[in-house]
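Observations on the three-dimensional arrangement
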Amino acid sequence: MCDGCGQAASAEHMARRLKRLQDMTRYRPIHVQALFLGAASPVKAEDYLYSARDAFRGEGAILLQALHIEDTGRSLEALADFQRRGYLLAHLLECSDTLGAGEVGREALARRIPATLTRIRRSFKPKRLLLLGRELAEFIPQFMAANLDAALILHNGKPFEWNELGDNVLTKELAATASAL
């Protein structure tokens with residue numbers, strides 16, 4: 001059984017999971033100031049923030065740009081800056097090939113909520129939690145009731161949308177909650 005998605009997994013699946021976990025762990029901050037939680041890890045390794053080597057693509061590029069972390073030509077420095085700020089990106093489903101569409105995806109996410117809440121509470125221990133992607137909207141009540149000891153930061157009562165992270169939306173929300181802590 002894979003601890004990233006809760007499914008029975010092949011050796012190849014487990015190898016991909018362990019590689020992504022190793023990449024994320026390398027840049028995990030000691031004290032997590034803000035945990036960015038997406039629904040599912042990107043399918044392509046090069047779109048995964050912690051796998052980037054030459055240039056960031058996909059959600060990694062979007063998140064770094066939204067946080068004003070310079071990433072052009074300096075992937076390792078950008079990841080170190082992300083880490084230094086106390087930021088961590090994780091996903092409810094760490095194995096993207098298990099998400100599926102529609103009801104299958106919703107059920108896969110719902111099954112992972114308890115394990116993810118436990119991981120947030122026991123391991124990550126963030127000061128702030130930002131949900132990323134509309135797929136997590138229906139689970140907001142569970143995050144609010146989970147006693148995570150973290151400020152849940154939403155955008156107008158909903159998770160932040162990946163395609164709407166520009167215009168300083170993220171930095172404004174982070175600054176506002178940092179001053180309130």
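Residues numbered from 1 in each chain as written. Predicted model: local features only at pLDDT ≥ 70, side-chain atom pairs only at ≥ 80, totals over all residues. Heavy atoms only, no water.

1. Concerning the overall build of the chain
Along its length, the chain carries six helices and four strands. Along the chain, from the amino end to the carboxyl end, the secondary structure elements read α-β-α-α-β-α-β-α-β-α. Its C-alpha radius of gyration of 15 Å places the chain within 12% of the 16 Å reference for a compact globule of 181 residues. Once the C-alpha set of the chain is aligned to its principal axes, its extents read approximately 45 × 40 × 30 Å. Counting only residues that meet the buried cut, the chain has 48% of its 181 residues in that class. Restricting to contacts in the chain with at least 6 residues of sequence separation, those with at least 24 account for 66%. Charged side chains of the chain number 24 positive and 22 negative; the gap between the two group centres comes to 6 Å. (Helix = DSSP H or I, 4+ residues; strand = E, 2+ residues; numbered from the N terminus. Rg over C-alpha atoms; globule rule 2.2 N^0.38 Å. Buried < 20%, exposed > 50% of the residue type's maximum accessible area, 1.4 Å probe, protein only. Contact = heavy atoms within 4.5 Å. Lys, Arg positive; Asp, Glu negative; His and termini not counted. Charge placed at Lys NZ, Arg CZ, Asp CG, Glu CD.)

2. Here's the deal with helix α1 (residues 11-26)
Counted at 1.5 Å a residue, the expected span for α1 with its 16 residues is 22 Å, and the 23 Å between its end C-alpha atoms agrees. Every buried residue belonging to α1 is among His13, Arg17, Arg20, Asp23 and Met24, and all of these are buried. In an axial view of α1, the angular spread of the buried residues amounts to 130°, which keeps them on one side of the axis. Seen from the open side of α1, the exposed residues pointing more than 90 degrees away from its buried face are Ala11, Glu12 and Leu18. (Expected span 1.5 Å × (residues − 1). Arc of directions from axis to C-beta.)

3. Digging into unusual backbone geometry
The phi dihedral of His68 falls on the positive side, at around 60°, and the residue is not glycine. Mapped onto the elements, His68 comes out in the loop between α2 (58-66) and α3 (75-84). Within the chain, Asp149 stands out as a residue other than glycine whose phi angle is a positive 55°. Relative to the assigned elements, Asp149 resides in the loop between α5 (140-144) and β4 (151-153). On the basis of relative accessible area, Asp149 is assigned to the exposed category, the value being 75%.

4. A look at the layout of surface pockets
When its volume is computed, the largest pocket comes out at roughly 240 Å³. Lining the largest pocket are 13 residues, with Glu59, Leu132, Gly133, Glu135 and Trp162 positioned closest to its centre. Sort the elements by how many residues they give to the lining of the largest pocket and strand β1 (residues 34-40) lands first, with three residues. The residue inventory of the lining of the largest pocket, partitioned by class, reads six nonpolar, three polar and four charged. (1 Å grid on protein atoms, 1.4 Å probe; cavity = no way out; pocket = protein on both sides within 12 Å on 5 of 7 lines; lining within 4 Å. Points joined across faces, edges and corners; volume = space filled by probe spheres on them. Nonpolar A, V, L, I, M, F, W, Y, C, P; charged D, E, K, R; others polar.)

5. Side note on the confidence of the model for the chain
Caution applies to low-pLDDT parts of the model: their predicted coordinates are not meant to be read in detail. Across the chain, the average pLDDT comes to 85, with 91% of residues at or above 70. Within the chain, no element has a lower average pLDDT than helix α6 (residues 169-180), which sits at 73, and none a higher one than α5, at 97. (pLDDT = per-residue confidence, 0-100.)

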